[in-house]
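A structural walkthrough
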Amino acid sequence: MPTYDYDLFVIGGGSGGVRSGRVAASMGKRVGIAEEYRYGGTCVIRGCVPKKLFVYASQFHEQFEDSAGFGWTVGETSFDWAKLIAAKDKEIDRLEGLYRKGLENAKADIFDSRAELVDAHTVRLTRTGQTFTAEHIVIATGGTPNPHADLPGHELCISSNEAFHLEKLPKSILIAGGGYIAVEFANIFHGLGVETTLIYRGKEILSRFDGDLRRGLHNAMTAKGIRILCQDIITQVSRDGDTLSVETKESGMLSFDTVMLALGRDPHTKGLGLEAAGVKTDARGAIVVDEYSRTSVPHIFALGDVTDRVQLTPVAIHEAMCFIETVYKDNPTRPDHDLIATAVFSQPEIGTVGLSEEAAAAKYAEIEVYRAEFRPMKATLSGRQEKMLMKLIVNAADRKVIGAHILGHDAGEMAQLLGITLKAGCTKADFDHTMAVHPTAAEELVTMYNPSYRIVNGERV
Ligand code: NDP
């Protein structure tokens, strides 16, 4: 048996990498882990966590307004972007420290360097030139924003990476894309007082979500004052003094302080030495893995966004735990990517799990759709014109709930619990048997007794 410097070397200190490295080390494995930027990865450093802090910051102006209906008088308010950034940075530093501490406590060796593969068992740290051998290697290098390199002037645009460190808040912003990041940041910037426009190539934002939610969110965002340009794209960006001139296909020339591209994320595999190690990638550069996250080299695994399966933090963590089971607990475990609940932290928020109405209608002969649209209680006194939308999609053949979709406050929190019920295979009868929690918005989920409509062989009846 050859001897290696490490039992496991992990490349990438994000959600999947840290979890696999920390747990393996805590089991007594000799683990080395290398990260080129900051421990915590995209989610903690420049993704989910700081984004959610920005979402909170951007919600206060509506809350100040709403409080009047409940008898409050709020004095003059103002917002200090620099103060928010400093507070956010402090919190991110704290969280990064916790990630490092977890690895240290588990006795993993932590390297602050980019690591590249030299061959199938050897990694090289680019900062020091050191090389290490390892019996197993995990690649968890995540993704990077698609730079849209074909777009003339793309270098003048920012991505979500820069959005977390802007020196000052722009007066106006154009955000390109209609996915999670574009929609979330459009609401954040609008909430912070930035004149915000979103431009998206498709007919309706959030292409893979339930149609009702997509339309509902679009209308709510437009009503707030966010301008949404669908079926349009940017063809060129150029500098014009302090502003950026943007040429669009359908909307002519537009002018903004800042242009942000949120056009998806690419697997971060360039220059990693994958060819030298014999690790195969697909046309997008994603590492090809089998159902156990094993690459084309049996002792090298890849986890999280770098595999371009489902780009979500909890998925990367789950894949890491499956890797531990498979490799170190003699219990081959496939990651389960079915029925992943997810939230879009738009304003209003989206929480969803399972099939959209459209996908369910295409898959099943007959579905029942339960739909409730109502004014949330808080909006009665606040006077805010907003609607909450809830939908359950049921397969008529076995009455299983196969999709649950919410647009409105706390939709993400509800999606987590709905995720359990769908995962458990609950039927509509289980929902009907469940006592409501009153007064809540969520009680609608267990009081929609009759279908709003059915879809039989693709036809609404
Ligand atoms: P998404 O895949 O969500 O959205 C990408 C958007 O860019 C889509 O609207 C897509 O259009 C559009 N697009 C792609 N290429 C082009 C192009 N060449 N020209 C014009 N438009 C284009 O990616 P994001 O960047 O928003 O986010 C990356 C991932 O990060 C997400 O998939 C998600 O998994 C994760 N994420 C999760 C969050 C959460 O859980 N709340 C928050 C943020 C990110 P089309 O739909 O037509 O293909």
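Up top is the structure these notes are about.
A short tour of the structure in this document, coming up.

The rules behind each value
Counting restarts for each chain, with residues numbered from 1 along the sequence as it is written. pLDDT decides what is reported in this predicted model: residues at 70 or higher carry local features, side-chain atom pairs at 80 or more are listed and counted, and totals for whole chains, interfaces and linings draw on all residues regardless. The basis for every side-chain value is the complete set of non-hydrogen atoms in the structure, without hydrogens or water. Only DSSP runs of H or I covering at least 4 residues are called helices, and only runs of E covering at least 2 are called strands; the numbering of each starts at the N terminus. Radius of gyration here is computed from C-alpha atoms only, and the compact-globule reference equals 2.2 Å multiplied by the residue count raised to the power 0.38. Residues count as neighbours in contact if any of their non-hydrogen atoms are within 4.5 Å of one another. Only heavy atoms are used to decide nearness, and a residue is near a molecule or strand if one of them lies within 4 Å of it. Distance and chemistry together define a polar contact, namely a pair of N or O atoms within 3.5 Å, with one atom able to donate a hydrogen and the other to accept it when in protein, and with adjacent residues in sequence counting only for side-chain atoms on both sides. Note that accessible areas follow from Shrake-Rupley with a 1.4 Å probe, and for residues the cover is restricted to the protein chains shown. Under this grouping Gly is polar, as are all residues other than the nonpolar Ala, Val, Leu, Ile, Met, Phe, Trp, Tyr, Cys and Pro and the charged Asp, Glu, Lys and Arg. Strands pair, by our definition, only if DSSP identifies at least two bridges between them. Helix axes use the C-alpha atoms of the stretch in contact, all axes being lines fitted to C-alpha atoms, and the angles between their N-to-C directions lie in the range 0 to 180 degrees. Put simply, a nonpolar core is a bunch of buried Ala, Val, Leu, Ile, Met, Phe, Trp, Tyr and Cys residues held in one set by side-chain atoms that sit within 4.5 Å of each other. Buried, partly exposed and exposed residues are distinguished by accessible area as a fraction of the type maximum, computed with a 1.4 Å probe on protein chains only: under 20%, between the cut-offs, and over 50%, respectively. Roughly parallel here means an angle under 35 degrees, roughly antiparallel means over 145, roughly perpendicular means 65 to 115, and every remaining angle is called oblique. By convention the crossing between two helices is left-handed if the near helix lies anticlockwise of the far one by an angle smaller than a right angle, and right-handed if it lies clockwise.

What follows covers the overall build of the chain. Helices and strands together make up the secondary structure of the chain, namely 13 helices and 23 strands. Computed over the C-alpha atoms, the radius of gyration of the chain is 24 Å, within 12% of the 23 Å expected from 2.2 N^0.38 for a compact globule of 461 residues. The principal-axis extents of the C-alpha atoms in the chain amount to approximately 70 × 65 × 45 Å. Partitioning the contacts of the chain with sequence separation of at least 6, the portion at a separation of at least 24 is 62%.

Contacts to the ligand come from 19 residues, most closely from Ile181, Tyr200, Ser207, Gln311 and Ala343. One of the backbone nitrogen or oxygen atoms of Gly179 is found 3.2 Å away from an oxygen atom of the ligand. Between the ligand and the protein, one listed contact pairs an oxygen atom with a backbone N or O atom of Tyr180 at 3.2 Å. Notes on the ligand: free accessible area 900 Å², of which the protein chains cover 78%. A total of three residues in the shell around the ligand trace back to one element, the largest contributor, which is helix α6 (residues 180-191). Its residues assigned to classes, the shell around the ligand shows eight nonpolar, six polar and five charged.

Sheet strands line up and pair through hydrogen bonds in the backbone, either parallel or antiparallel. Spatially, the four strands line up as an open sheet ordered β10-β9-β8-β14, and their pairing is parallel. Since the sheet does not close on itself, it has two edges, and those belong to β10 (227-230) and β14 (258-261), each with one partner. The average angle at which neighbouring strand axes cross in this sheet is 15°, direction not considered. Relative to strand β9 (residues 195-200), strand β8 (residues 172-176) runs parallel, the two being bridged by five bridges. In the sheet register, Ile173 faces β9, and the bridge partner there is Thr196.

Moving on: the sheet that holds strand β20 (residues 388-395). Spatially, β17-β18-β21-β20-β19-β22-β23 is the arrangement adopted by the seven strands of the open sheet, whose pairing is antiparallel. Across the chains shown, the open sheet's two edge strands, defined by having one partner strand only, are β17 (342-344) and β23 (459-460). Inspection of the sheet shows β17 paired to strand β18 (residues 350-354) by three bridges, in the antiparallel sense. Counted as the bridge partner of Ala343 is Gly351 from β18. Packed onto the sheet, helix α7 (residues 211-224) meets β18, β19 (366-374), β20, β21 (401-407) and β22 (453-456) and runs at close to 0° relative to β21.

Counting 38 residues, the largest nonpolar core has Ile175, Phe185, Phe189, Leu198 and Met221 as the members making the most contacts within it. Looking at this core, the element that brings in the most residues is α6, giving six residues. Apart from the residues within four sequence positions on either side, Phe185 is in contact with Lys51, Phe54, Ser160, Ala163, Phe164, Ile175 and Met260. Counting 23 residues, the second-largest nonpolar core is a separate cluster that includes Phe111, Leu125, Leu274 and Ile287.

Close contact between helix α1 (residues 15-26) and helix α9 (residues 313-328) brings their axes to 8 Å; oriented N to C, the two are set at 30°. On the basis of their axis angle, the class for α1 and α9 is roughly parallel. For the pair α1 and α9, the crossing hand works out as right-handed. In contact with Ser15, Gly16, Arg19, Ser20, Val23 and Ala24 of α1, α9 contributes Thr313, Ala316, Ile317, Ala320, Met321, Phe323, Ile324 and Tyr328. Residue composition of the contact of α1 with α9, by class: nine nonpolar, four polar and one charged.

Interpretation in functional terms is not warranted from these geometric data alone.
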